[in-house]
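# Examining the three-dimensional arrangement
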Amino acid sequence: MGASGVPGAVARPAPGVVVPLKPAPVRPAAAAAHGELPQWLRALLRPVRWRHAVVAALVLAYPFFATPFFTFQIGAQSLALGLVALSLTFLGGYGGMVSLAQMTIAGMAGYLVAIFGSSSNAAISLGWPWWLAIVFALALATLFSAAIGWLSVRTEGIYTIMITLAVGVAFFYLAQQNYTLFNGFQGFSKVEPPTVFDIDLRQPVAFYLLVLACAAGGYFFVKHLVRTPFGIALQGIRDNPRRMQSLGYNVTAHRVGAYAVAGFLAAIGGVLMVWYNGRISPGTVGTGAMINILIIAVLGGMKHPIGAFVGAIVFVLLQNFAIDLVDRERFNLVIGGVFLAIVLFSPDGLLGLWQSLRTRLSGRFTQPRHGPHSPTTTGARHDG
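The paragraphs below set out a description of the structure included in this document.

Reading the values: rules and limits
Residues numbered from 1 in each chain as written. Predicted model: local features only at pLDDT ≥ 70, side-chain atom pairs only at ≥ 80, totals over all residues. Heavy atoms only, no water. Helix = DSSP H or I, 4+ residues; strand = E, 2+ residues; numbered from the N terminus. Expected span 1.5 Å × (residues − 1). Buried < 20%, exposed > 50% of the residue type's maximum accessible area, 1.4 Å probe, protein only. Core = buried A, V, L, I, M, F, W, Y, C linked by side-chain atoms within 4.5 Å. Contact = heavy atoms within 4.5 Å. Polar contact = N/O pair within 3.5 Å; in protein donor to acceptor, adjacent residues only side chain to side chain. Phe/Tyr/Trp six-rings, centres within 6.5 Å; stacked < 30°, edge-to-face > 60°. Axes fitted to C-alpha atoms, helices over the stretch in contact; angles between N-to-C directions. Nonpolar A, V, L, I, M, F, W, Y, C, P; charged D, E, K, R; others polar. 1 Å grid on protein atoms, 1.4 Å probe; cavity = no way out; pocket = protein on both sides within 12 Å on 5 of 7 lines; lining within 4 Å. Points joined across faces, edges and corners; volume = space filled by probe spheres on them.

### Points about helix α4 (residues 68–95)
- With 28 residues, α4 extends 38 Å from end C-alpha to end C-alpha; this agrees with the ideal 40 Å at 1.5 Å per step.
- Burial of α4 is extensive: 23 of the 28 residues sit out of reach of the surface.
- In the stretch just after α4, Gly 96 is the one whose phi turns positive, near 70°.

Okay, here's the thing in structure tokens:
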């Protein structure tokens, strides 16, 4: 009721009374002028936490105090393998689809870089500029991954694994037996990274920073994608595909799109791996390599994007230093034992084990201490 007693009447201020005006709503341009971040930048930085800044500082400083061996052989290789494993983590953790063909897609991208670019086999390699070879390699490998997804998304569980395994084995024998395009079992050598803006990417520090930039981009891309409508719908399809289908979502299209995204990540990792090794052969896409990617993803934790890189670091360290404790031929026994231990004691991988340990420690330190005369101890039982 207004000041005049009439319902709906607007109260008028008395003469001489100054009424403060309400501030106008801040527009995006005005917000930027006042020092606030744009909405798209806030959405991009939303997944960033303080721990990311600490890890970023450590990995950026790592090549400047580590030896060239640890910079190139350990750091760069771990990040490149982690990027391939990240594609499997995205598929399995957020899409519920376990694919054994991720190393196959990475290997195809590596082969295409050697075929379109330059290598020791000038009779097959086309000699295109490195940037054009990379564009075509990533595009064709992504299409290949989408085709694999189109074949396998209508199945679930062990059938999906078997279809992707069959595709990977078929590509392995094709690369091994075809000499016209893949040069048979010899493959391609002298597939080296280029020199960009007078920066020789063959140097350990430069190559490590390149791989680090690609790995960080892939990690934050996945972290952002899973919060978009596509990522949320994909997680809903993972949990209950029939319900999502009844709600009007195209389950097949979302799954094929997830395979395409994962294939793009794996293809980038494949290009980095062929530059790291300087060569590619059928052994790069063999059954052992496909299983290694699965082991890396499970070791780190399939539910966490960072788990792919944690698993890759553990795998590469074991691969390089386990031979000091056991014979080189026994490496598969060592990595198999570690894999079984992780699966048995922490199904969520090393990150799940760390999360469980942190929860127990935080609960122990935050548990209130009750004295003998505390009223909260009446009728309560506290386990030590």
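### Digging into the nonpolar core
- Counting 87 residues, the largest nonpolar core has Leu 81, Phe 90, Phe 188 and Trp 275 as the members making the most contacts within it.
- Looking at this core element by element, the count peaks at 15 residues for helix α11 (residues 251–277).
- Excluding residues within four positions of it along the chain, Phe 90 makes contact with Gly 95, Val 222, Leu 225, Val 226, Phe 230, Leu 234, Ala 258, Val 261 and Ala 262.

### Describing the side chain of Ser 87
- Residue position: Ser 87 is located in helix α4.
- Reaching out from Ser 87, the side chain makes a polar contact with the backbone oxygen of Val 84 at a distance of 2.4 Å.
- Those residues in contact with Ser 87 that lie beyond four places of it in its chain are Gln 102, Ala 262, Leu 265 and Ala 266.

### Some words on the packing of aromatic side chains
- Summed over all chains, the structure comprises 18 aromatic pairs.
- With a centroid separation of 5.5 Å and an interplanar angle of 50°, the aromatic rings of Phe 72 and Phe 207 are classed as tilted. One end of the pair, Phe 72, is in helix α4; the other, Phe 207, is in helix α8 (residues 204–225), and 135 residues separate them in sequence.
- Taking the relative accessible area as the measure of exposure, Phe 207 reaches 1% and is therefore buried.
- Aromatic rings pair up to connect Tyr 111, Phe 144, Phe 171, Phe 182 and Phe 188 into one cluster.

### As for the packing of α4 against helix α9 (residues 229–239)
- Two numbers describe how α4 lies on α9: the axes approach to 8 Å, and their chain directions differ by 65°. Here Phe 90, Gly 93, Tyr 94 and Gly 95 of α4 come into contact with α9, specifically with Phe 230, Leu 234, Gln 235 and Arg 238.
- Of the residues in the contact of α4 with α9, the class split is four nonpolar, three polar and one charged.

### Some thoughts on empty space enclosed by the protein
- One pass over the structure, following the stated rule, counts two cavities of 30 Å³ or more.
- Approximately 40 Å³ is the volume attributed to the largest cavity.
- Lining the largest cavity, in full, are Met 103, Ala 106, Gly 107, Gly 270, Met 273, Val 274, Asn 277, Arg 279, Ile 280 and Thr 284.
- Every element with two or more residues in the lining of the largest cavity is listed here: α5 (102–116), α11 and β4 (279–280).

### Some details on unusual backbone geometry
- A positive phi is found at Phe 197, a non-glycine position, where the angle reads about 55°.
- In this fold, Phe 197 is placed in the loop between β2 (195–196) and β3 (199–200).

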